[in-house]
Structures are given as structure tokens and as C-alpha cells.
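Listed below are the residues making up each chain.
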Amino acid sequence: DVSTHNVVGSIQSVTDNLHLFDPQAFRYLIIDEAHHASADTYRGILAHFDADFILGLTATPERADGQSVLESFRDSAHRLTLEEAVQLGELVPIRCFRVETSIDLSRVRFNQVQYNRWDLEERIQVPARDRLIVQTYCEHVPGRKAVAFCVNVRHGEELARLFREQGVPAESVSGRMPEAQRQTVLSRFEQGEIRVLCACDILNEGWDCPSIEVLLMARPTLSKVLYLQQLGRGTRKAPGKECLIVIDFVDNASRYNAPLSLHRV
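Quick summary incoming for the structure in this document.

Rules used throughout
Residues numbered from 1 in each chain as written. Predicted model: local features only at pLDDT ≥ 70, side-chain atom pairs only at ≥ 80, totals over all residues. Heavy atoms only, no water. Helix = DSSP H or I, 4+ residues; strand = E, 2+ residues; numbered from the N terminus. Buried < 20%, exposed > 50% of the residue type's maximum accessible area, 1.4 Å probe, protein only. Contact = heavy atoms within 4.5 Å. Pairing = 2+ DSSP bridges. Right-handed = clockwise from strand over helix to strand, strands pointing away. Arc of directions from axis to C-beta. Polar contact = N/O pair within 3.5 Å; in protein donor to acceptor, adjacent residues only side chain to side chain. Axes fitted to C-alpha atoms, helices over the stretch in contact; angles between N-to-C directions. Salt bridge = Lys/Arg side-chain N within 4 Å of Asp/Glu carboxyl O. Phe/Tyr/Trp six-rings, centres within 6.5 Å; stacked < 30°, edge-to-face > 60°.

**Focus on the side chain of S172**
With respect to the helices and strands, S172 occurs in strand β5 (residues 170-174). For S172, a relative accessible area of 18% corresponds to the buried category. Beyond its immediate stretch of four places on either side in the chain, S172 contacts G156, E157, A160, M177, V185 and C198.

**Some remarks on the pairing of strand β6 (residues 196-200)**
Counting buried positions over the 5 residues of β6 gives 5, a clear majority of the element. Every second residue of β6 is oriented toward a common face, with V196, C198 and C200 on one face and L197 and A199 on the other, all of them buried. Pairing of β5 with β6 involves 5 bridges; the strand directions are parallel. Looking at β6, one finds that S174 is bridged to C200. Taken together, β5, helix α7 (residues 179-190) and β6 form a β-α-β motif whose crossover is right-handed.

**Topic: helix α2 (residues 40-48)**
Every buried residue of α2 is accounted for by Y42, I45 and L46. Within α2, the buried residues cover an arc of 95° as seen down the axis, which keeps them to one side. Across from the buried face of α2, at angles greater than 90 degrees, the exposed residues are D40 and A47. Packed against the buried residues of α2 are α1 (11-16), β1 (28-32) and β2 (53-57).

**Side note on the environment of H48**
Within the secondary structure layout, H48 lies in helix α2. When its relative accessible area of 23% is taken as the criterion, H48 is described as partly exposed. Along the backbone, H48 and L18 are 30 residues apart, and their C-alpha atoms lie at a distance of 7.9 Å. Once residues within four sequence positions are removed from consideration, H48 is found in contact with L18, F21, D22 and P23. A distance of 2.9 Å separates a polar atom in the side chain of H48 from the backbone oxygen of F21.

**What about the sheet that holds β5?**
Read from one edge to the other, the open sheet built from 6 strands follows the order β3-β8-β7-β4-β6-β5, with strand pairing classed as parallel. Of all strands in the sheet, those with a lone pairing partner are β3 (94-104) and β5, marking the two edges. Strand after strand, the sheet turns through a mean of 20° between neighbouring axes, direction not considered. Bridge analysis of strand β4 (residues 146-149) against strand β7 (residues 214-217) gives 4 bridges, and the strand direction is parallel. Its bridge partner being in β7, V147 is matched across the sheet by L215. Lying on the sheet, helix α8 (residues 224-232) is in contact with β3, β4, β7 and β8 (244-252); it crosses β7 at an angle near 150°.

**Structural notes on the pattern of salt bridges**
One pass over the full model with this rule turns up 10 salt bridges. Residues E171 and R164 are paired through a salt bridge, measuring 3.8 Å at the closest nitrogen-oxygen approach. Using a relative accessible area of 26% as the deciding quantity, one classes E171 as partly exposed. Within this structure, E158, R161 and E165 form a network of salt bridges that share partners.

**A closer look at the packing of aromatic side chains**
One pass over the structure, following the stated rule, counts 4 aromatic pairs. Between F26 and F49 the ring centres are 5.5 Å apart and the planes differ by 65°, which places this aromatic pair in the edge-to-face class. Highlighted residues: F26 in the loop between α1 and β1 and F49 in the loop between α2 and β2, separated in sequence by 23 residues. Across this residue pair, the class does not change: F26 and F49 are buried. Through a chain of ring-to-ring contacts, three or more aromatic side chains come together here, namely F21, F26 and F49.

Rendered as C-alpha cells:
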């Protein structure tokens, strides 16, 4: 109902119905995931409304394309770093471990933003590396609720299968799954029936499960934005949660295409 004073909507739904809104309908706009603000859909909404104040919220103000997010907002910006948020008690402390693999990424093509997808998938999907990921979980953080970030759907499915072979309740989740099936898997994970969720590209933002205790960084990336989005899935506070454990699986690379890890971030 556009006549109400408070409206919450997705960017797509507001864009599709922008003609229904008077430009003076709202005095205050709040844009979540504001690092997308330079995209055409966001710019269209910001240009349509004549609001007195626009608030943009994001945990990752950097954009991979180099465009400025701040120019979309009129007022001064305040930045709270990950370290400061932990020190203030807004996020849980983070413990990080590096597990070195024997995988060579030095010949994987890349640009300033990311690895070549096909090269990376070919190099990373190695049975020995997947077994190392499962072994690391079973030996060091058994039973803890964990998310493993994978390079593609097939990688997530294979990794989940290897976890189940070791008696660990695990499932894969991706954007290719029907919505109802995906929500069922996520619900089972949140309730604790699934202990390890093997995800491909779908949980980077917009999903919150504070009880996550472990992140398995099984997908090499050059993108600080992507890495921080993945990290954000586990930094929320929850009852009984003392810290987040991040396990970086570090592959061999040249000095020019070394993947990000928590130490580097």
C-alpha cells in the first residue's frame, strides 16, 4: 500500500512499481547493501525520490568496478572497520587458521578483479584438496556448524558428498536449486540438522544465520569485496558463540595472483 508512511521493499519490486510512488512520498530513504548504489536500478530509485535524507548501509563499501559508492549519498560517511567492530563487541572475535595445499594457481589467468572462472574450476576441483578440507573439519572443528564456500555447483555437491561419507550431515546449496528446496536446506541448517553447508555464490550477502561457528574458505578469490561478504556470514553474535573460526585453504600462487586470506585482508 503506497499510502502508508513506512514501506519496505526489494530493489526489484520498487523499481517495477516506481510509477506508483509520488517523488515526495518519503522523507527518509534507507538503502541496504548500499555498495550496489551505483547500479542503474539503484540510481533510478535515488533519482526518482526527493527525500530529505538518504542513508546507505553496507559492510563492503569497496566496489570491484572502481565506481564510488559515496557519490550516491549526500551526507558524510562513517566507516567502522571489521577490527573496530570486534573490539567494540558488535561482532564476535575471529580466530584464523591457514591450511596450505599443493594446488598450483600460478598459471590461472586473472584480471584485477577475479580469476578466470574456467581455469580456476579446472585447477581447484581436485579430490585430494577436497579430502583435505573434510579432514581439516573432522580433526579440528568436528560437529561445529560450518559453511564451506565452493567454486561452483559441482564442487559444492562433491564436497558435501565427501562430508557425508565421513558421517558429517552436509548438503550443498546454490542458486540453481528451486526456491522451496533451497529454503528447506537453509532451514535444516539453521535448526542444526545439517552441520556443514557447501555453498556456491548464493550466501555471500542477504542471508543471516548467527549461529555459524566455522567458515571454510575453499574458493580462492582476488576480490576483497567477495571475501568480506563471505566472512560476514559468520561474524554475527549468537548465544554461547565465543568466536568465529575461519579456515583459509591457501593454494600456491605467484606474487601477482595470490588469493586473499584473512591475514592479507
